[in-house]
There are 2 protein chains.
Amino acid sequence: MLKIVVDAMGGDNAPVEIIKGALQALDVRKNFAVIFTGDGEIIKTELAKYKYDKTRVEVVHCTEVVTNDDVPTSAVRSKRDSSLVVGMRLLKENEEVGGFVSAGSTGAVLTAGVMLIGRIKGVLRPALCPGIPNVRGSRTLLCDCGANAECKPQYLAQFGVMASAYAKAAFGVKNPRVGLLTNGTEEHKGDPLHQEAHQLLKQLNCIDFAGNVEGRDIMYGDVDVAVSDGFSGNIALKSVEGCGKTVAAVLNREFRSSLGSKIAYLFARKPLKKLKGMLDYARLGGSVFLGLKKVVVKSHGSSKAKSICPSVVQAVDAYNNRLVETIADMLAQTDFAGVQDNA
Amino acid sequence: MLKIVVDAMGGDNAPVEIIKGALQALDVRKNFAVIFTGDGEIIKTELAKYKYDKTRVEVVHCTEVVTNDDVPTSAVRSKRDSSLVVGMRLLKENEEVGGFVSAGSTGAVLTAGVMLIGRIKGVLRPALCPGIPNVRGSRTLLCDCGANAECKPQYLAQFGVMASAYAKAAFGVKNPRVGLLTNGTEEHKGDPLHQEAHQLLKQLNCIDFAGNVEGRDIMYGDVDVAVSDGFSGNIALKSVEGCGKTVAAVLNREFRSSLGSKIAYLFARKPLKKLKGMLDYARLGGSVFLGLKKVVVKSHGSSKAKSICPSVVQAVDAYNNRLVETIADMLAQTDFAGVQDNA
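Rules of the game
Residues numbered from 1 in each chain as written. Chains lettered and ligands numbered in written order. Predicted model: local features only at pLDDT ≥ 70, side-chain atom pairs only at ≥ 80, totals over all residues. Heavy atoms only, no water. Helix = DSSP H or I, 4+ residues; strand = E, 2+ residues; numbered from the N terminus. Rg over C-alpha atoms; globule rule 2.2 N^0.38 Å. Buried < 20%, exposed > 50% of the residue type's maximum accessible area, 1.4 Å probe, protein only. Contact = heavy atoms within 4.5 Å. Areas by Shrake-Rupley, 256 points an atom, 1.4 Å probe, with all protein chains shown as cover. Lys, Arg positive; Asp, Glu negative; His and termini not counted. Charge placed at Lys NZ, Arg CZ, Asp CG, Glu CD. Pairing = 2+ DSSP bridges. Axes fitted to C-alpha atoms, helices over the stretch in contact; angles between N-to-C directions. Core = buried A, V, L, I, M, F, W, Y, C linked by side-chain atoms within 4.5 Å. Salt bridge = Lys/Arg side-chain N within 4 Å of Asp/Glu carboxyl O. Right-handed = clockwise from strand over helix to strand, strands pointing away. Least-squares fit on C-alpha atoms with pLDDT ≥ 70 in both. Phe/Tyr/Trp six-rings, centres within 6.5 Å; stacked < 30°, edge-to-face > 60°. Lys NZ or Arg CZ within 6 Å of the ring centre and 35° of its normal. Buried area = accessible area lost by both parts, 1.4 Å probe. Polar contact = N/O pair within 3.5 Å; in protein donor to acceptor, adjacent residues only side chain to side chain. Nonpolar A, V, L, I, M, F, W, Y, C, P; charged D, E, K, R; others polar.

Moving on: the overall build of chain A. Per the secondary structure count, chain A includes 13 helices and twelve strands. Against the globule reference of 20 Å for 343 residues, chain A gives a C-alpha radius of gyration of 20 Å, in line with a compact fold. Its C-alpha atoms give chain A principal-axis dimensions of roughly 60 × 60 × 35 Å. Here chain A, with 343 residues, has 59% of them falling under the buried criterion. Contacts spanning at least 24 positions in sequence make up 73% of the contacts within chain A whose residues lie at least 6 apart. For chain A, the computed accessible surface area is about 13600 Å², with 49% contributed by carbon and sulfur atoms. Within chain A, one finds 43 positive and 36 negative side-chain charges whose respective centroids are separated by 7 Å.

A few words now on the sheet that holds strand 6 (residues 131-133) of chain A. Residues and elements named next belong to chain A. Read from one edge of the open sheet, five strands run 6-7-10-8-9, paired in mixed fashion. Across the chains shown, the open sheet's two edge strands, defined by having one partner strand only, are strand 6 and strand 9 (208-213). Put simply, the sheet's adjacent strands are angled 30° from each other on average, direction ignored. By the bridge criterion, five bridges tie strand 8 (residues 177-181) to strand 9 in an arrangement that is parallel. Note that in strand 9 the partner of arginine 177 across the bridge is aspartate 208.

A word on the nonpolar core. Core analysis: the biggest nonpolar cluster contains 96 residues, and Met88, Leu142 and Leu275 of chain A together with Met88, Leu142 and Leu275 of chain B have the highest contact counts within it. With ten residues, helix 9 (residues 230-255) of chain A is the largest single contributor of residues to this core. Beyond its immediate sequence surroundings of up to four residues, leucine 142 of chain A is in contact with Leu128, Cys129, Pro130, Ile132, Leu181, Ile218, Ala226, Ser228, Gly233, Ala236 and Leu237 of chain A. Listed in part, the 67 residues of the second largest apolar core include Ala25, Tyr52, Ala197 and Cys206 of chain B.

Attention shifts here to the pattern of salt bridges. The final tally for this structure, using the stated rule, is 28 salt bridges over all chains. Sharing partners across several salt bridges, the network here consists of Glu214 and Arg216 of chain A together with Lys238 and Glu241 of chain B.

Turning to the pairing of strand 1 (residues 2-7) of chain A, a few remarks are in order. Residues and elements named next belong to chain A. Across the six residues that make up strand 1, a large majority, six, are buried. Along strand 1, one buried face is formed by Leu2, Ile4 and Val6 and the opposite face, lined by Lys3, Val5 and Asp7, is buried too. As judged from the six bridges shared by strand 1 and strand 2 (residues 32-38), these two strands associate in the parallel manner. Each bridged residue has a counterpart across the sheet, and for aspartate 7 the counterpart in strand 2 is threonine 37. After leaving strand 1, the chain enters helix 1 (residues 16-28) and then returns to the sheet as strand 2, a path that is right-handed.

Looking now at the side chain of serine 299 of chain A. Residues and elements named next belong to chain A. Residue position: serine 299 is located in the loop between strand 12 (295-298) and helix 11 (305-320). For serine 299, a relative accessible area of 1% gives the class buried. Excluding residues that lie within four positions of it along the chain, serine 299 makes contacts with Ser102, Ala103, Gly286, Ser307, Ile308 and Ser311.

Okay, the relation of the copies chain B and chain A next. Expressed as a screw operation, the relation of chain B to chain A combines 0.0 Å of axial shift with a rotation of 180°, fitting to an RMSD of 0.0 Å. The operation mapping one copy onto its partner corresponds to a two-fold rotation axis. Comparing contact sets, 100% of the residues at the interface of chain B also lie at the interface in chain A, consistent with an isologous, same-surface contact.

With that settled, consider the packing of aromatic side chains. Residues and elements named next belong to chain A. Under the counting rule described, the total for this entry stands at five aromatic pairs over all chains. The residue whose ring lies beneath lysine 54 is tyrosine 52, and the NZ or CZ to ring-centre distance is 4.7 Å. Here the basic side chain of arginine 56 rests over the ring of phenylalanine 32, its NZ or CZ set 5.6 Å away from the ring centre.

Let us now look at unusual backbone geometry. Residues and elements named next belong to chain A. Here the bond from alanine 14 into proline 15 is cis, since omega is -5°, no more than 30 degrees from zero. Following cysteine 143, the chain continues into aspartate 144 via a peptide bond in cis, with omega recorded as 5°. By the element assignment, aspartate 144 lies in the loop between strand 7 (139-143) and helix 6 (153-171). Its identity is not glycine, yet arginine 322 carries a phi of approximately 60°, on the positive side. Given the relative accessible area of 48%, arginine 322 is considered partly exposed.

Tallying the contact residues gives 51 residues for chain B and 51 residues for chain A. Buried surface at the junction of chain B and chain A, both sides included, amounts to about 4300 Å², of which 73% is carbon and sulfur. When residues of chain B are sorted by the area they lose upon contact with chain A, Asn183, Arg216 and Phe231 of chain B head the list and together hold 15% of the total. Remark: the boundary between chain B and chain A carries four salt bridges. Notably, a salt bridge pairs glutamate 214 of chain B with lysine 238 of chain A, separated by 2.5 Å at the nearest N-O pair. Counting across the interface, chain B meets chain A through ten residue pairs in polar contact (both at pLDDT 80 or more). If you list the elements that add at least two residues to the side of chain B that touches chain A, you get helix 7 (192-203), helix 8 (216-220), helix 9 (230-254) and helix 10 (259-279) of chain B. In terms of residue count, helix 9 of chain B provides more of the side of chain B that touches chain A than any other element does, 20 residues in total. Broken down by class, the residue content of the side of chain B that touches chain A amounts to 25 nonpolar, 15 polar and eleven charged.

Written as structure tokens, this is what we have:
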């Protein structure tokens, strides 16, 4: 049976919410088991609170935890008995293990992924790729959104290929439309990095390149993938997140401002819940770390059960839908000779 | 009397909405007059539809229009009888004229501003600075958001000073908190450009530097100014815009989806209007082009009357509150010797 490792100690709400969410995922997908890494005693105490199929849960005890204060590279090297490193090793060494989920330090998860799991052949830089809810009711994949603050044009071209493979494999999008996130739609827009990336993306036969897109197209446009450098992609992701939080805060405030508005809320609850649900992208799970030899999902540091659950489901689905193989195939098909020359 | 020039021919909805909005502004502020530049006959036909104080409106006829298809520098040079160039010349040459408003091509407005009006002494690069509504019910100034796709650290440091001066002069913020927009709050975050800019901003005594901020802090944080390079600032601005449009679209859809939800809307109308009003930042007016010797406001290309009106009011207020002098004073106080060395 497929196994997914879950870092029980990573994130602001570990281990309580992590364990709760992973157990919820067992009900959503039936064909897999969970391995928790972390302090065995704490995990078992927590597990004792729930009813679940014991044949589908394992615990691997370890004594250390990587925190946000750790320097990623040295933590991955020195904290060899941490829930993160032990989990990644299980992913690497165990054929049955198909994915790894952590809400721990982003830097440490990325570093451990690259150092311990390694990149798919030909991948220049792995990239973080979350899904952002869009007006069409589906998701726009934003790649990269934080793994690579500094990029070369060739990296951006590959992000387009990898995220396109992800859209196909994980979400069944037949012919994903790929846009390049810049400061204007005209071809000449952007800095030299994005101008060169535009030219490279245009040459790739394996993707459907829609040209430059703007920030507003992430949620309001019609692309399935928005390619960006990790710096501005991160800013875009968090700008949208802040807007969503602001909308939720304003709605809460306004609908509690008077007795009349409280009554109004009772009537308007259903459409408002739809809006809040749409904006709440915790439900879409975490960011997949594209380009590694196995499936790694980075869940938000503040993840609660309701976002750990879809992150685990995401890992199961990505494995079952052959995400890694799809990326490898698309990269192999692509003539990256010229692209890689300057990398 | 103070005069504000309005480019009657610039923007998707010119001249109808431009003229309508500028006339509305005459009711909001009493101490100024409007000069419309553009096709005199068209403008007069349009004006004939309204009742307004004729002593407060002038028309300066000109025969050309700069469009989005024009190359900015050559258009500014060759279309000398365009509503844009004639307007800028009035601003430059006429003591009584305190500001210029256009919804025309951003590139052309910026180019004309720099070429015809010129920079305040010491300004390295003028920058576009819109206000984005925030959760506190005020606005966060985002500077630069598109004038400079490529920046040096020194430019970013100056954007912090100029936007801080703007917050003080135009909005009465006593001690504006200035954040640097990056991909994480820790000091070392970002690419070398932003790391260096961070160090420069930290050294400036004339601003209250709050350190790095993230995309979510634009709307949900507690800074008055977010400093950014024009590339990622533009992406942030438009990402927020797209999120707002998506929220409005989802609300429209959901509250029209059934008879029940249509009735619910009647009850929930007031709080929902508050939300829509908050997100609709047309009401905040356009982007001020900071760093020029006179006040230039760039209104959104798709501006209708409801955003032209506040853009004109913005120009009046910026002039009356001595925006240009405040920027010049703050820059003069600042020891930019080291800062400018490498520029």
